Amino acid sequence: GQPFDVRLTPESALRLAREIDLRLRRIASGDRAASVVVSEFELVCKDGAQISTEVVSSYLLDADGVARTILGITRNISERKAVEQALIATKEAAEAANVAKSAFLANMSHEIRTPLNAISGMAHLIRRSGLPPEQLARLDKIDAAGQHLLDIVSSILELSKIEAGKLSLNEGEVNLGSIIDSVVAML
């Protein structure tokens, strides 16, 4: 039983006054599309609770084309607003987790790469010292497995670059036979 604007929060009341003034000026200038508008306002209920509302207002024109009456339909959208806020918070948390994951992957990749380079270097030094063919074949497999693991770590670093938008692609030939031989040797 009260006028709509009595229940508005002070900020919403100011916005409503500005909106009505703007709409009436647009209608007076001949803009008939300005006669219907959808707005959102905060209302204070009788019990003091604040709710979000969506208001569809129609500015009714008299025979002279002057807006004299405003007809409005209000509906409570507090639940929708709460869901929107929850979605925003969830999105921000997911983005933060993704940044943390990327940083973790990059750091771990560097930490794993260092000992792998040492293994590869030691394999190279042992190979130079001269070994029987059987041990040389085993050393080659150790070195190939280490190189494969190093390639995986490099791929993880590339993934971090993709996520950071810093990846550049290089086109080149691929020796499929060599890749298959390498996989078979490791297995």
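Here the residue numbers are simple positions, counted from 1 along each chain's written sequence. Since the coordinates come from a predicted model, pLDDT governs what is reported: local features require at least 70, and pairs of side-chain atoms require 80 or more to be given and counted, while whole-chain, interface and lining totals use all residues. The side-chain numbers reported here are obtained from all heavy atoms of the structure, hydrogens and water having been left aside.

Student: Please clarify how the environment of Ile142 should be interpreted in this entry.
Tutor: Each helix is a run of DSSP H or I of at least 4 residues and each strand a run of E of at least 2, with the numbering of both proceeding from the N terminus. With respect to the helices, strands and loops of the structure, Ile142 is situated in helix α3 (residues 133–164). Note on classification: 1.4 Å probe, protein chains only; a residue is buried when its accessible area is under 20% of the maximum for its type, exposed when over 50%, partly exposed between these limits. Look at Ile142 and you get partly exposed, because its relative accessible area is 47%. For the pair Ile142 and Ala185, spaced 43 residues apart in the sequence, the C-alpha separation amounts to 9.9 Å.

Student: Would you mind going over the pattern of salt bridges with me for this structure?
Tutor: Throughout this description, the term salt bridge denotes a Lys or Arg side-chain nitrogen within 4 Å of a carboxyl oxygen of Asp or Glu. The full count for this structure, using the stated rule, is twelve salt bridges. Residue Glu95 pairs with Lys91 through a salt bridge whose shortest N-O separation is 3.3 Å. Residue Glu95 and its partner Lys91 are located together in helix α2 (residues 78–128), separated by four residues, close to a single helical turn. Lys91 gets classed as exposed once you look at its relative accessible area, which sits at 52%. Arg138 serves as the salt-bridge partner of Glu134, at 2.8 Å between the closest nitrogen and oxygen. One end of the pair is Glu134 and the other is Arg138, both in helix α3 and four residues apart, which spans about a single turn. By relative accessible area, Glu134 is classed as exposed at 51%.

Student: Could you clarify how one ought to interpret the side chain of Asp143 in this entry?
Tutor: Considering the arrangement of structural elements, one finds Asp143 in helix α3. Beyond its immediate stretch of four places on either side in the chain, Asp143 contacts Ser120, Ala123 and Arg127. Contacts: residue pairs with any heavy atoms within 4.5 Å of one another.

Student: Please explain the pairing of strand β2 (residues 50–61) as it appears in this structure.
Tutor: The side chains of a regular strand alternate, residue by residue, between the two faces of the sheet. Only strands that DSSP links by at least two bridges are regarded as paired with each other. Two strands pair when backbone bridges link them, and strand β1 (residues 36–44) and β2 are joined in this way by nine bridges, in the antiparallel orientation. Across the sheet, the residue bridging to Glu40 is Glu54, located in β2. Here β1 folds back onto β2, and the loop between the two strands holds five residues, one of which, Gly48, carries a positive phi near 95 degrees.

Student: Would you explain α2 in this entry?
Tutor: It helps to recall that an α-helix has 3.6 residues per turn; residues three or four apart then point in one direction. To estimate how far a helix should reach, multiply one less than its number of residues by 1.5 Å. Along its 51 residues, α2 runs 75 Å from first to last C-alpha, staying within 8% of the 75 Å computed at 1.5 Å per residue. Taken together, the buried positions of α2 are Ser102, Ser109, Leu116, Ser120 and Ala123. Just downstream of α2, Gly130 is the residue with a positive phi angle, here 85 degrees.

Student: I tried to follow the environment of Asn117 on my own but got confused; where do I start?
Tutor: Within the element layout of this structure, Asn117 appears in helix α2. For the pair Asn117 and Gln147, spaced 30 residues apart in the sequence, the C-alpha separation amounts to 8.7 Å.

Student: What am I meant to see in the nonpolar core here?
Tutor: Nonpolar side chains in soluble globular proteins tend to end up buried together. Nonpolar cores are built from buried Ala, Val, Leu, Ile, Met, Phe, Trp, Tyr and Cys residues. Side-chain atoms within 4.5 Å join them into one set. Within the largest apolar cluster, six residues are counted, these being Leu8, Leu16, Phe41, Leu43, Ile51 and Val55. Elements that contribute at least two residues to this core include exactly β1 and β2. Excluding residues that lie within four positions of it along the chain, Leu43 makes contacts with Phe4, Arg7, Leu8, Ala49, Gln50, Ile51, Thr53 and Thr74.

All we've got here are geometric facts, nothing functional implied.
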